[in-house]
Amino acid sequence: MALQWLILSYVVAAEVVIAVVLTLPYPMVVKKRVVSLVSLILQPAASIVAFAAFPLCDIYWKNEHRLSCSSEVCTATERDRYEKSYNKDLELLEEAEKRHKDE
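Scoring rules and cut-offs
- Along each chain, residues carry numbers from 1 onward, in the same order as the chain's sequence is written.
- Local features in a predicted model are, by the rule used here, given only for residues with pLDDT of at least 70; side-chain atom pairs are given and counted only at 80 or more, and totals for whole chains, interfaces and linings are based on all residues.
- Side-chain descriptors were evaluated using all non-hydrogen atoms of the structure, hydrogens and water having been removed beforehand.
- Each helix is a run of H or I in the DSSP string that is no shorter than four residues. Each strand is a run of E no shorter than two, and both are numbered from the N terminus.
- Using C-alpha atoms as the atom set, the radius of gyration is obtained and then compared with a globule rule of 2.2 Å times the number of residues to the power 0.38.
- Buried, partly exposed and exposed residues are distinguished by accessible area as a fraction of the type maximum, computed with a 1.4 Å probe on protein chains only: under 20%, between the cut-offs, and over 50%, respectively.
- The charged-residue count follows a simple rule in which Lys and Arg add positive charge and Asp and Glu add negative charge, with His and chain termini not counted at all.
- Here the site of a charge means atom NZ of a Lys, CZ of an Arg, CG of an Asp or CD of a Glu.
- UniProt positions are given in the numbering used here, feature names are shortened, and annotations may be inferred rather than shown by experiment.
- Throughout, a contact is declared for two residues whenever any of their heavy atoms are within 4.5 Å.
- A cavity, in this analysis, means grid points on a 1 Å lattice covering only the protein atoms where a 1.4 Å probe fits yet has no way out; a pocket is instead an open set bounded by protein on both sides within 12 Å along at least five of seven lines, and a residue lines either one if it has an atom within 4 Å of a point.
- Grid points are joined across faces, edges and corners, and a volume is the space filled by probe spheres set on the points.
- When residues are grouped by polarity, Ala, Val, Leu, Ile, Met, Phe, Trp, Tyr, Cys and Pro land in nonpolar, Asp, Glu, Lys and Arg in charged, and all others, Gly among them, in polar.
- How sure the predictor is of each residue is captured by pLDDT, a score from 0 to 100.
- Patch membership is restricted to residues that have no salt bridge and whose relative accessible area is over 30%. Joining uses 9 Å for like charges and 5 Å for the nonpolar side chains Val, Leu, Ile, Met, Phe, Trp and Tyr.
- Throughout, the Shrake-Rupley method with a 1.4 Å probe supplies accessible areas, and for residues the shown protein chains are the sole cover considered.
- Salt bridge, as used here, is a side-chain nitrogen of Lys or Arg placed within 4 Å of a carboxyl oxygen of Asp or Glu.

A. Just the overall build of the protein, in detail. Helix and strand counts for the protein come out as three helices and zero strands. Secondary structure elements of the protein, listed N to C terminal, follow the sequence α-α-α. Taking 103 residues into account, the globule formula puts the C-alpha radius of gyration at 13 Å, and the protein, at 24 Å, lies well above it. Projected onto the principal axes, the alpha-carbon positions of the protein cover approximately 65 × 45 × 20 Å. For the protein, with 103 residues in total, the buried portion stands at 3%. Averaged over its 12 positive side-chain charges, the protein has a centre that lies 11 Å from the centre of its 14 negative ones.

Dropping the structure here:
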């Protein structure tokens, strides 16, 4: 997770530098070269962003749906409570799906 934050901070820093270079009154030749360099870098990176979205969604899903225990080790009752709540959510979704099909 720390590596993702490090990469994100580098990307934000690069965006700031590019924004500063493009907004300061430099000659147009410098601006055109910066824009062409950025476009050359972003064209292959566009496919990476699409594939990076899947692991980020997976991390978010696992974080939102993880077992919350009162101590370091989960007890049997906590696991049962988690399973019951998970099954209840599934039942509610199935009922909503049936209602939409009936309409």
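Moving on, there is more to tell.
B. Summary view of the UniProt feature "transmembrane region" (unreviewed entry) in the protein. Per the UniProt entry, the sites bearing "transmembrane region" (unreviewed entry) are residues 7-28 and 34-57 in this numbering. This span, residues 7-28, is 82% helix and 0% strand, and a straight line between its end C-alpha atoms measures 30 Å. Measuring from the first to the last C-alpha atom of residues 34-57 gives 32 Å, for a span that is 100% helix and 0% strand.

C. Layout of the environment of Tyr-26. In this fold, Tyr-26 is placed in the loop between helix H1 (2-23) and helix H2 (28-64). Measuring from C-alpha to C-alpha, the distance between Tyr-26 and Leu-93 comes to 57 Å, with 67 residues separating the pair along the chain. Excluding its chain neighbours within four sequence positions, the residues that come into contact with Tyr-26 are Val-21 and Lys-31.

D. The arrangement of the layout of surface pockets in detail. Considered as a void within the structure, the largest pocket measures approximately 880 Å³ in volume. In terms of lining, the largest pocket is formed by 23 residues, of which the most central are Ile-7, Leu-8, Val-11, Glu-15 and Val-49. Counting residues per element, the ones that place at least two in the lining of the largest pocket are H1 and H2. Per-element accounting of the lining of the largest pocket gives the leading share, twelve residues, to H2. A breakdown of the residues in the lining of the largest pocket according to their chemical character gives 21 nonpolar, one polar and one charged.

E. Expanded view of the confidence of the model for the protein. Confidence along the protein averages 82 in pLDDT terms, with 99% of residues attaining 70 or more. The least confident element of the protein is H2, whose mean pLDDT is 81; the most confident is helix H3 (residues 76-102), at 85.

F. Seen up close, a nonpolar patch on the surface. On the surface, Trp-5, Leu-8, Val-12, Val-16, Val-20, Leu-24, Tyr-26 and Val-30 cluster together into a nonpolar patch covering about 710 Å² of accessible area. The greatest single-element share of the nonpolar patch, amounting to five residues, is contributed by H1. The topology assignment puts Trp-5 in helix H1.

G. Structural view of the side chain of Glu-78. Looking at the element boundaries, Glu-78 is found in helix H3. A relative accessible area of 9% means that Glu-78 is categorised as buried. Every residue in contact with Glu-78, bar those within four places of it in the chain, is listed here: Cys-69, Ser-70 and Val-73.

H. Region of interest: the environment of Ala-50. Its location among the elements puts Ala-50 in helix H2. As for Ala-50 and Val-12, which are separated by 38 residues in sequence, their C-alpha atoms are 18 Å apart.

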